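# Tertiary structure, described
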Amino acid sequence: MDGRLSIACAGLGLIGGSFYKAAMAAGYDAVGLHHGEKADLSRFDVILVSMPPTAIEPWIRENCATFKEGAMVVDVCGVKRPLYEAFRLECMKTKWMFVGGHPMAGREVSGYANSTPDLFKGASMILTPYPYVGRGPLDMLERFFLSLGFGRVVLTTPERHDEMIAFTSQLCHIISSAYVREPLAQNHVGFSAGSFRDMVRVGAPDPVVWTELFLLNRDMLSDVLGRYIDRLAEFKSAIDSDDAARLMAALEEGLPAKREILRNSPNLR
């Protein structure tokens, strides 16, 4: 950990508040800024922008004239392509560097009051840097994020990130939202266990933010959602036609995939 780094956390919801608290706990010179709060940003080495998706680009453009030379500006939005494209050419000419980021951590609640310094313990921090960002700045960011408790830092492209997040995160929120609207859900007491609890807890806690995220990633999300709906339709068709063989075949088809996922992901066991 480089204690000489100065950290600004702009936006103090669940994620931004947790970044601020984690940075303070790790001994950094850190400042937390509420969305819309004015501040002198000229001394900060790392600026983390944790705001609603459509607020990030305007905030950066409004404040970038005051950024320190060599400052690393990292957004933590759940979709990476729009901001990557927004600053692609501009950042080749600026004194500061922009790197897309996404912490793979969260809770089923939102807001600063629910933020915690250990939210990122063992989690992945995904970065989507431009090709011209050198190893020096990226190594510095990696050390910084690991010092906050992250278990790993993953470098990838915005396209790969958005494709995978459509499946591992956004689809899960949609499934949960649809699941809890079943009338039977209100009568679950005495009939539910871990599976029900996990399905309920995944649901998007902030409909405004998640609507923005879904639509920003609508092409990737629509593709994976369509494939999922097709697989559900297979099950329904087999059940409706009382076709035990086809139902069993559909269930068996998932077993090798499940075993492979668990083999490669010990943390899911």
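For the structure, see preceding data.
Description of the structure in this document. (Residues numbered from 1 in each chain as written. Predicted model: local features only at pLDDT ≥ 70, side-chain atom pairs only at ≥ 80, totals over all residues. Heavy atoms only, no water.)

### A closer look at the packing of aromatic side chains
Basically, it comes down to this: Note on ring pairs: Phe, Tyr and Trp rings are taken, using the six-membered ring of Trp, and paired if centres are within 6.5 Å. Classes follow the plane angle, with under 30 degrees stacked, over 60 edge-to-face and the rest tilted. Each residue is assigned to one of three classes by its accessible area relative to the maximum for its type, calculated with a 1.4 Å probe on protein chains only: buried under 20%, partly exposed between the two thresholds, exposed over 50%. Secondary structure elements are taken from DSSP: a helix is a run of H or I of four residues or more, a strand is a run of E of two residues or more, and numbering for both begins at the N terminus.
Enumeration over the complete set of coordinates arrives at 16 aromatic pairs. Here the aromatic rings of Trp59 and Phe67 are separated by 6.3 Å at their centres, their planes lie at 35 degrees, and the arrangement is tilted. Exposure class is identical for Trp59 and Phe67. Each is buried. Ring geometry for Trp210 and Phe214: centres 5.8 Å apart, planes at 55 degrees, overall tilted. In this pair, Trp210 and Phe214 are both assigned in helix α7 (residues 207-216), four residues apart and thus about one turn of the helix distant. The exposure classification of Trp210 matches that of Phe214, with both residues buried. Here a set of aromatic residues connected by ring pairs shows up, and it is made of Trp59, Phe67, Tyr84, Phe87, Trp96, Phe98, Tyr130 and Tyr132.

### Thoughts on the nonpolar core
Applied cut-off: Grouping buried Ala, Val, Leu, Ile, Met, Phe, Trp, Tyr and Cys residues that are joined through side-chain atoms within 4.5 Å yields what is termed a nonpolar core. Throughout, a residue-residue contact means that at least one pair of heavy atoms, one from each residue, lies within 4.5 Å.
Phe19, Ile60, Trp96 and Phe145 are the most contacted members of the largest nonpolar core, which totals 65 residues. Non-local contacts of Trp96, meaning those with residues more than four positions away in its chain, are made with Ile60, Cys64, Phe67, Lys68, Gly70, Ala71, Val73, Phe87 and Cys91.

### Brief notes about helix α2 (residues 53-63)
Put simply, the test is: Directions are taken from the helix axis to each C-beta atom, and the arc is the one they span.
Pro53, Ala55, Ile56, Trp59, Ile60 and Asn63 are the residues of α2 that are buried. Angular distribution of buried residues about the axis of α2 spans 130 degrees; they occupy a single face of the element. When the buried face of α2 is taken as reference, the exposed residues oriented beyond 90 degrees from it are Thr54 and Glu62.

### Quick look at helix α9 (residues 244-264)
Just so we agree on the cut-off: Each helix should span, by expectation, one fewer than its residue count multiplied by 1.5 Å. The term polar contact refers here to a pair of N or O atoms within 3.5 Å; inside protein, the definition further demands a hydrogen-donor-capable atom paired with an acceptor-capable atom, and it admits residues adjacent in sequence only when both atoms are side-chain atoms.
The first and last C-alpha atoms of α9 sit 31 Å apart over 21 residues, in line with the 30 Å expected at 1.5 Å per residue. At the N-terminal end of α9, a side-chain oxygen is found 3.3 Å from the backbone nitrogen of Ala245, two or three residues along, and the residue is Asp243.

### Section: the pairing of strand β3 (residues 46-49)
The line we're drawing: Pairing between strands requires that DSSP locate at least two bridges from one strand to the other. Note on handedness: a crossover is taken as right-handed if, strands pointing away from the viewer, the path from the first strand over the helix to the second is clockwise.
A two-sided burial pattern is seen for β3, the buried positions comprising Val46 and Leu48 on one face and Ile47 and Val49 on the other. Bridging between strand β1 (residues 6-10) and β3 involves four bridges; their strand directions are parallel. Considered in β3, the bridge of Ala8 is made with Ile47. Where β3 lies against strand β4 (residues 72-75), four bridges are found, and the strand directions are parallel. If you follow Val46 over to β4, its bridge partner there is Met72. Handedness of the β-α-β unit built from β3, α2 and β4 comes out right-handed.

Interpretation note: all reported values are geometric properties and have no functional meaning in isolation.
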